[in-house]
Amino acid sequence: MSSIIQLLPDHVANQIAAGEVVQRPASVVKELLENAVDAKATDIKLIIKDAGKSLVQVIDNGVGMTVTDARLCFARHATSKIRQAEDLFSLGTKGFRGEALASIAAIAHMEMKTKQDQDELGTHIIIEGSKFISQEVAVLPKGTSFAVKNLFFNIPARRNFLKSDTVEFRHVMDEFQRVALAHPNIHFSFYHNGSEMYNLPAAGYRQRIVGIMSGKTNEKLVPVNEDTEIINVQGFVCKPEFAKKNRGEQFFFVNDRFIKSSFLHHAVMSAYDGLLKDGSQPSYFLYLQVPPNTIDINIHPTKTEIKFDDEQALYAILRASIKHSLGQFNVAPVLDFDRDANLDTPYHYKDVEAEIPTIQVDGTFNPFTDDKTNQHYSKAASGSSGYSSGSSFSSSSGSSSSGSSYSGYSKRVEPTASWESLYVGLDVENPESIESSPFTFENEEVTSSLFDDEDVEQATQKTYQIHKKYIVSPIKSGMIIVDQQRAHQRILYEQFLLNMTVNQASSQQLLFPLDLFYSASEMKLIEELKPSLETTGFVFDESKTDHVVISGIPVNITESEVSQVIEQLLSDLQDGIPANSYSQNDTIAKSMAKSLAVKTGSYLTEKEQDNLVNGLFACKDPNISPFQKPTFITMRVEDIDKKFAL
């Protein structure tokens, strides 16, 4: 019997390995950027086209490679980062497996240009699907340039599974932001389809965060700084009032490497306990430095998961340091009910010594001067709207008091007649002589009615609210119990959908336009959603690189709800905008209905309850919410009778 086990060819093995290392264009961006950082580059440029599907190019000014290294770097498990297994526990670089370049070259057209500083000429290599096409000597600047074209050209099934350009671009943006945030000392620039997305000069952590997120981020940041024997924590957390619906601005960096850790995230959330609204997520940018021998990075090919030696201690230190920062900068409330917050010393002035106040004395002031009385009345007159009434005292207008810096005036008031003048002409001794004018008194309230009394039915309450969650309304066969949040979602959903598809929604103009700031990826998403949002009633004045100006909003949205509606919409569409217009309108209507619907726990008046119930049953499909949940249930009288029969 012949043998059936055989070694796979290198190009097949590389394609299999590429399935783990390269999942989308963002994976290529991550690997190439990290290689540029490991090459000690101080200037890194990222250029992509069609969200990375057509081109991903990374240019750096690092140390470069020799002719031998340039050819060997595309071999599997060829790396300059480690030499032996023990080096895995003392890593100071991003990569260490030696699989990235081999995997990328197996599924794309790849071109590399590299040159070291001491060499006169560099090396130019072209590879297509693991096959070396050419290797030439070329005149090049110092550093390395990788150009990856036509990703997954030989694996059409993988290419067909790629998402839209918007989704893939957002993933590329995420990878770029993670590397740029981890290394603020490097100058990064990012270009997409010929447009400059980012130009980030070397700066500190705060400046890099503000440069990537938006210009308004600076006022949201609260610094965190804690240094212990087992961990050093630096970075920033955002104030609770700026919490968002999504988790897009949450970054952990361990030894300058971006990681994801639900355990550490729980520590941050516990530090914010009692400060956040339900469903809100705080933003944070935390940089952790730990000894390399206390962590294990070799868990997942993406290297975003890390195993810590003492997770409990890290949890406690991280939670305590964030709590300390929130309290130190008066973000978290202090549980002292007898304390007056207005008397607290600001944090920036706690070490400043107090200065002796200067006192100015008027040496010419004499309280025993003759015009003291006039001065007193002049002040009293000025303090009471410039005149005094009910007194026989009056002073000349425009008089001023000498010996004092204050000057007032008193207005002369004509004497009024006494109360006896009201009875002039009356014969008090003979009361019968007084003629009394006829008076009429209205004993009963005279009202007009369109109906007779017997036709007027006494209005009674027909709906009741239970636990600020359900509305009970009686019907002929029993009663219905309506979920107020789901019912309102259904009403708003059909209103928005009708405005976007049939009617043109009306807008209410704002007296002062709203400036809303977003990141570059969110701004790109808003630009694509702008036509659909305008059909709902939004009016956009202008859009810039980091913010939009809104001058009009739908009539059923208040000004304070605009930011919440757009954030919820961005969160719901983070996986991409539907291709066809109906699905896009449907998604927007659902998102806005979810944001604006009355929440569980909200008190409703009798009129609001009636309007909600009537509005629900006026809908085309009142039985279910836009998210396929029942909006009401019916209880018949027979069912209630059976309950009591038990």
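Residues numbered from 1 in each chain as written. Predicted model: local features only at pLDDT ≥ 70, side-chain atom pairs only at ≥ 80, totals over all residues. Heavy atoms only, no water.

Another aspect to go through is the pairing of strand β9 (residues 221–227). Note: β9 against strand β10 (residues 232–238), 7 bridges, orientation antiparallel. Counterpart to V222 in the pairing with β10 is V237. From the end of β9 to the start of β10, which pair antiparallel, there are 4 residues. (Pairing = 2+ DSSP bridges. Helix = DSSP H or I, 4+ residues; strand = E, 2+ residues; numbered from the N terminus.)

The sheet built from 4 strands is open, its strands ordered β16-β17-β18-β22 with antiparallel pairing. Sheet topology places β16 (464–466) and β22 (632–636) at the edges, where each strand pairs with a single neighbour. The average undirected angle you get between the axes of adjacent strands in this sheet is 25°. Pairing of strand β18 (residues 478–483) with β22 involves 5 bridges; the strand directions are antiparallel. Following the sheet pairing, V482 is matched in β22 by F632. Helix α15 (residues 606–617) rests against β16, β17 (470–475), β18 and β22 of the sheet, and its axis sits at about 70° to β17. Relative to the sheet, helix α16 (residues 637–645) contacts β18 and β22, its axis offset from that of β22 by approximately 65°. (Axes fitted to C-alpha atoms, helices over the stretch in contact; angles between N-to-C directions. Contact = heavy atoms within 4.5 Å.)

Glancing now at the environment of V254. The topology assignment puts V254 in strand β11 (residues 250–254). Between the C-alpha atom of V254 and that of T304, which follows or precedes it by 50 residues, the distance is 9.9 Å. Residues contacting V254, with those up to four places away along its chain left out, are I259, L288, V290, I295, I306 and F308.

A few words on the packing of aromatic side chains. Enumeration according to the criterion identifies 15 aromatic pairs in this entry. Ring centres of F251 and F285 lie 5.5 Å apart, and the angle between their planes is 15°; on these two criteria the pair is classed as stacked. Residue F251 is found in strand β11, and its partner F285 is found in strand β13 (residues 284–289); the two are separated by 34 residues along the sequence. Among the residues examined, F251 registers a relative accessible area of 4% and is labelled buried. Using a relative accessible area of 0% as the deciding quantity, one classes F285 as buried. Pairwise contacts between aromatic rings join Y205, F251, F253, F258, F285 and Y287 into one cluster. (Phe/Tyr/Trp six-rings, centres within 6.5 Å; stacked < 30°, edge-to-face > 60°. Buried < 20%, exposed > 50% of the residue type's maximum accessible area, 1.4 Å probe, protein only.)

The element β11 is largely enclosed, with a buried count of 5 among its 5 residues. Pairing of β11 with β13 involves 5 bridges; the strand directions are parallel. Paired with V254 across the strands is L288, a residue of β13. Counted along the chain from β11 to the antiparallel partner strand β12 (residues 257–259), the turn is 2 residues long, and its residue N255 has a positive phi close to 55°.

To continue, consider unusual backbone geometry. Positive phi is not limited to glycine here, since D50 has a value of about 55°. Of note, D50 is situated in the loop between β1 (43–49) and β2 (55–60). You can call D50 partly exposed: its relative accessible area is 33%. A positive phi is found at N193, a non-glycine position, where the angle reads about 50°. By secondary structure assignment, the location of N193 is in the loop between β7 (187–192) and β8 (195–200). The class of N193 is partly exposed, set by a relative accessible area of 44%.

What is shown is where atoms sit, not what they do.
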